[in-house]
Amino acid sequence: MTDIQYDTVIRNGTIATATDVFKADLAISGEKIAAIGSNLPAGRREIDAAGLLVLPGGVDAHCHIEQLSGGGLMNADTFETATRSAAFGGTTTVVSFAAQHRGANLVTVVEDYAALARRGAIIDYAFHLMVANPDEQTIALDLPALIRAGHRSVKVFMTYDAVQVNDQQLLDVMAAARAEGALICVHAENHGLLKWMGDRLVARGYVAPKFHAVSHPRAAEVEAFHRLIAFSELLDQPIVIFHVSTAEGAAVIREARGRGVKIFAETCPHYLLMTAQDLDRPGLEGAKWICSPPQRTQADQEALWRALALGDLQILSSDHAPYRFDASGKLSAGDNPSFKQIANGMPGLEMRLPLLFDAMVSQGRMGLSKFVELTATAPARIYDLPGKGSLAIGADADIAIWDPERRVELADELHDNAGYNPFAGRTVTGWPGTVLRRGEIIVAEGALNARPGSGRLLLRQAGEATKPTSRLSPEFDPARNFGADLY
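All values derive from a computational prediction rather than experimental measurement.

Engineer: Talk me through the overall build of the protein; I want residue IDs and the actual numbers.
Structural biologist: In terms of helices and strands, the protein carries 12 helices and 17 strands. When the backbone C-alpha atoms are referred to their principal axes, the protein occupies close to 70 × 60 × 40 Å. A total of 487 residues make up the protein; the buried ones form 60% of that total. Expressed as a percentage of contacts within the protein between residues at least 6 apart in sequence, the contacts between residues at least 24 apart total 76%. If you sum the accessible surface of the protein, you get close to 18,200 Å²; carbon and sulfur atoms cover 51% of it. Measuring between centres, the 46 positive side-chain charges of the protein sit 1 Å from its 57 negative side-chain charges.

Engineer: Can you explain the pairing of strand β8 (residues 124-130)? Please cite residues and give values.
Structural biologist: β8 sits mainly inside the fold: 7 of its 7 residues count as buried. Neither face of β8 is exposed, since Asp124, Ala126, His128 and Met130 on one face and Tyr125, Phe127 and Leu129 on the opposite face are all buried. Where strand β7 (residues 91-99) meets β8, 7 bridges bridge the pair, whose relative direction is parallel. Looking at the pairing, valine 95 lines up with alanine 126 of β8. Tracing the backbone out of β7, into helix α2 (residues 106-120) and back to the parallel element β8 gives a crossover that is right-handed. Relative to strand β9 (residues 153-157), β8 runs parallel, the two being bridged by 2 bridges.

Engineer: Describe in detail the environment of isoleucine 441, supporting the description with residues and values.
Structural biologist: Turning to its location among the elements, isoleucine 441 is positioned in strand β16 (residues 440-444). The class of isoleucine 441 is buried, set by a relative accessible area of 19%. Here the alpha-carbon distance between isoleucine 441 and proline 282, two residues 159 residues apart in the chain, equals 43 Å. If sequence neighbours within four positions are ignored, isoleucine 441 has contacts with Arg45, Ile47, Thr434, Val435, Leu436 and Asn449.

The rules behind the values
- In this convention, every chain numbers its residues from 1, walking through the sequence in written order.
- Only residues with pLDDT of at least 70 get local features here, since the model is predicted, and only at 80 or more are side-chain atom pairs given and counted; chain-wide, interface and lining totals rely on the full set of residues.
- Hydrogens and waters are ignored; side-chain quantities use all the structure's heavy atoms.
- Helix and strand labels come from DSSP, where a helix needs a run of H or I of at least four residues and a strand needs a run of E of at least two; each type is numbered from the N terminus.
- Three labels apply to residues, based on accessible area from a 1.4 Å probe with only protein chains included: buried if under 20% of the type maximum, exposed if over 50%, partly exposed otherwise in between.
- What makes two residues a contact is simply this: any of their non-hydrogen atoms within 4.5 Å.
- In short, Shrake-Rupley with a 1.4 Å probe defines the accessible areas, and a residue's cover is counted only from the protein chains shown.
- This count recognises Lys and Arg as positive and Asp and Glu as negative, with His and chain-terminal groups excluded.
- Just so you know, the charge point we use is NZ for Lys, CZ for Arg, CG for Asp and CD for Glu.
- At least two bridges found by DSSP between two strands is the condition for calling them paired.
- Clockwise travel from the first strand over the helix to the second, with the strands pointing away from the viewer, marks a crossover as right-handed.

As structure tokens, then:
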């Protein structure tokens, strides 16, 4: 019998999956995990992980990279700088956006974003198709073809003048996704409420960055959730609700899931670890913390942690949306902008996992397996990312080796191009020191060892999350709608 020799063996570490934590060695052959066990044969390369944690590389399923905003601003990161920062933070897969704007052809949009990623991406990636021009060409031809080609998630906005879809258009997009097998991902806030409150604040002279938090009423999230869920029930179309920020929003999701609506939902570190008070800073400094929806209250933080523990929310993403604090980004409208003129978004790709590891594992809030589930396994499963999110034989060897005792004071200098870290000054315990992507060490001893463009596009099959429940609403059930075939 020929002796087995693996390319790499990671020895003496503590391995964690979404269900188990155990001591074992892990072997890699080529790009895949080949074995997990004790006393494995030698590898050509040996990594001693004694005292360390061996975790799946993170999956960040909500990232804005090299993306033009609705207001015409290019965000700060290229695919190279964004995915570089992701790798240093222990993330090995991202899902970003191929963002259509008014008048744009969706196929051309996807081709353009794919070309940028091929040139720059250091880790593996997929795209959400962002639809803002739901004309007949998009809905009847381009969107179905792109879904069939392997882009199995579609993003829409229920607000913002430049990218919003109205209710009828949203239903059209959802129906197209249902026919082809794709998830619908939604930024769900009531457009009228946001405009009314924002205009009212500005008219009365309340223009400082802190008033951004006031301009997004909690009711805007709640109402939009209810409306979106009603559409999901009508069409029997699975949905993902992005960046849940309020206790009331989480409660709406819990109630709907309880009656069988197929909803997935995410929240983000800034909603778990920040409040609206973070925007209340001298001058324009608070602009760095403007994002949408805004940070809320400590009570909302606790409600969101509870929703994660109960399974009402299944994903923890960064919503990485970096803009520099200068004329190219946050201050593009000049030296004295109102909050309505300040770009929405913060960098978060690199800090997502260290912040959540500290909160969930080091501080004992939820534990190691739950950390793995919410930051890697669940997003990979929900978005059907092949071979990602778990340490299993045959899976891609995407691995982050963590020092659970390392304490790091967070600084402004990160590996992205935003120029600031919204979490600077905090101290976290737990840090990813060595990161492997498909078996190749891409981060070690503070250095990057991967070339731009070495990441791969992940095309996806229609998985379990995309499947309707087959519980037809009365209006779509031929047995109850006089025989009409509406699908």
